Structures are given as C-alpha cells and as structure tokens.
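These are the residues of each chain, in order.
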Amino acid sequence: MIPAPSVLPARHVLVVDDDTQLREQIVAYLGDHGFQVHAAADAKEMDRALSAAPIDLVVLDLMLPGEDGLSICRRLTAEGGPAIIMVSAMGEEIDRVLGLELGADDYLAKPCSPRELLARVRAVFRRLEEARGGAPRKGKGYQFQGFIVDVLRRNVRAPNGATILLTSGEFSLLSAFLDHPQRILSRDQLLDIARGEEADVFDRAVDVQISRLRRKLHACSDGEIIKTIRGAGYMFDAAVTRA
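Heads up: these notes are all about the structure in this document.

Rules and cut-offs
- Residues numbered from 1 in each chain as written.
- Predicted model: local features only at pLDDT ≥ 70, side-chain atom pairs only at ≥ 80, totals over all residues.
- Heavy atoms only, no water.
- Helix = DSSP H or I, 4+ residues; strand = E, 2+ residues; numbered from the N terminus.
- Buried < 20%, exposed > 50% of the residue type's maximum accessible area, 1.4 Å probe, protein only.
- Contact = heavy atoms within 4.5 Å.
- Areas by Shrake-Rupley, 256 points an atom, 1.4 Å probe, with all protein chains shown as cover.
- Pairing = 2+ DSSP bridges.
- Axes fitted to C-alpha atoms, helices over the stretch in contact; angles between N-to-C directions.
- Core = buried A, V, L, I, M, F, W, Y, C linked by side-chain atoms within 4.5 Å.

1. Observations concerning the overall build of the chain
- Regarding its fold elements, the chain presents eight helices and 13 strands.
- Burial status across the chain gives 46% buried among its 243 residues.
- Nonlocal contacts in the chain, meaning residues at least 24 apart in sequence, comprise 61% of its contacts between residues at least 6 apart.
- Carbon and sulfur atoms make up 51% of the accessible area of the chain, which amounts to about 12,200 Å² in all.

And the structure:
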C-alpha cells in the first residue's frame, strides 16, 4: 500500500474579541482558509484556550472587559507567548504605537476586512515557518560587535550570551540593516528592502519598530549601533561579517 502523503498540521489561531458577531465572522473566515481557529471573549477565556491548545497566533482586540488588550499583549510578550496581531476601533497613531511598543507584531484598525486580516495572519505564519526550519533569508548568519544572528532560527545572541527577544517585524528590520551595514537608508528604502519577502509586515509604524530594536541592541552594547541621520534616515553603524 502506498503511504498517504504527509499533511502539515493546521496553524492554531486564537481570536480574542468580546464582539460576538465579529468574533464568529473572523473564526469562520480563517477556518474556511485552513486554520484551526479558537475563540475567546475575554482574558480568562483566552488563558483557558492557551492552556488547552498550541496557539501560534492571537488576534487580539484592544478594548476588552476586564483585562484590556494592552495588558494582555504585555503579559504574553513577557512570557514569550504566541505572535500577536492587535485589532481595535481605536485607530489613532498613539494606540498603534503603544501596541507595537508592547510587542504586538502587527496592528489593524477596525473595521478591517477579513481578507486583509487573512493576509496579515499569513505573513506572520510565513515568518514562523522560517523560525521553525524553513528557507532562510540570504546567508546563514551574521556577526557584529560580539552579537551573533542566526537567520535560519531568527535568533539573536548578545555578546554576553543572552538571547535577545525580537518580534518578527524587528527581526526583519535587523536583517535589512545587516544586509546594508554602514550605509544611510531612508525609511522608504528600509521598507522596500524588508518587504522584499514579507509584503505585509510593515506600515507607518516602522519608526516605532526601529526605536524598539535600537533599545534592545543598546541594552547589550556599549555604543549606539543604529543611528538616526537627521533628514536622511538611519544607519547601522557596525562592521558586519557573514557567519
């Protein structure tokens, strides 16, 4: 008997939203496109779902009863939890920036179409696939100022041996810098480079992600590695070698 071809397990997505109609719509749409979808109306239901299933990504509403989305985002990020796409009717820049500052991988303002959300979810899973052994970006790794970057595993190790936790967007920006070290790159150039493989990763919050990446690297180094060049863009001011 010819063995049946192996089938990749469905990715697990958890939709956390207290709007029952919208939650059910998203669950149905993502389920129709091949995902294993779970639902929760608040933080307590979310925690139960996280304990019961191997959740890969959380679609998280900002405004929730009880513990709000920002608090949940902060908690999941601190625990090294699943990727997060935050959605909210509060589409102001400050809300988007705050969500990304706390570790969300993406932010969508309501109302957003299920199709757009699906595209963002797929983009996150493309990056997860790379982290779990998929095809790497250019080369296998980099070294700079004692840092070691493993592109295949999307892992960054500091000079002291500690692992630096980066969101998917932060890692993609770091990869763009490492491919073009000691060169001034405008914001648009960075977006174009990073979007080469991940078209849905970035939006106008790129400056927030650069700032967050800069702080994480600076905390483990003596000098400023990512410099802002006034009126021109950013420069990764370190010698980079391929590992």
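2. Notes on the sheet that holds strand 1 (residues 12–16)
- Pairing is parallel across the open sheet formed by five strands, whose spatial order is 2-1-3-4-5. Two strands lie at the open edges of the sheet, namely strand 2 (36–40) and strand 5 (106–109), each paired on one side alone. Here the strands of the sheet are splayed against their neighbours by 20° on average, with no regard to which way each runs.
- The pairing of strand 3 (residues 57–61) with strand 4 (residues 83–88) spans five bridges and is classified as parallel. Bridging from a neighbouring strand, Leu60 pairs with Met86 of strand 4.
- In this fold helix 1 (residues 20–32) packs onto strand 1 and strand 2, with an angle of close to 170° to the strand it touches most, strand 2.
- Where helix 2 (residues 43–52) meets the sheet, it contacts strand 1 and strand 2, and its direction lies at approximately 170° from that of strand 1.

3. Considering unusual backbone geometry
- The phi dihedral of Gln145 is positive, around 45°, even though this residue is not glycine.
- Of note, Gln145 is situated in the loop between strand 6 (141–144) and strand 7 (147–150).
- One non-glycine residue, Gln182, lies in the positive phi region at around 55°.
- Counting through the fold element by element, Gln182 comes out in the loop between helix 6 (168–179) and strand 10 (184–185).

4. Observations concerning the environment of Pro181
- Tracing the chain through its elements places Pro181 in the loop between helix 6 and strand 10.
- Given a relative accessible area of 25%, Pro181 falls into the partly exposed group.
- Sequence separation between Pro181 and Phe144 is 37 residues, and the spatial gap between their C-alpha atoms is 9.9 Å.
- Excluding residues within four positions of it along the chain, Pro181 makes contact with Phe236, Ala238 and Val240.

5. Focus: the nonpolar core
- The biggest cluster of nonpolar side chains holds 26 residues, and the ones touching the most others in it are Phe144, Phe177, Leu217 and Phe236.
- By residue number, the principal contributor to this core is helix 6, which donates six residues.
- The contact partners of Phe236, leaving out residues within four places of it in the chain, are Phe144, Leu174, Phe177, Leu178, Pro181, Gln182, Arg183, Leu217, Ile225 and Ile226.

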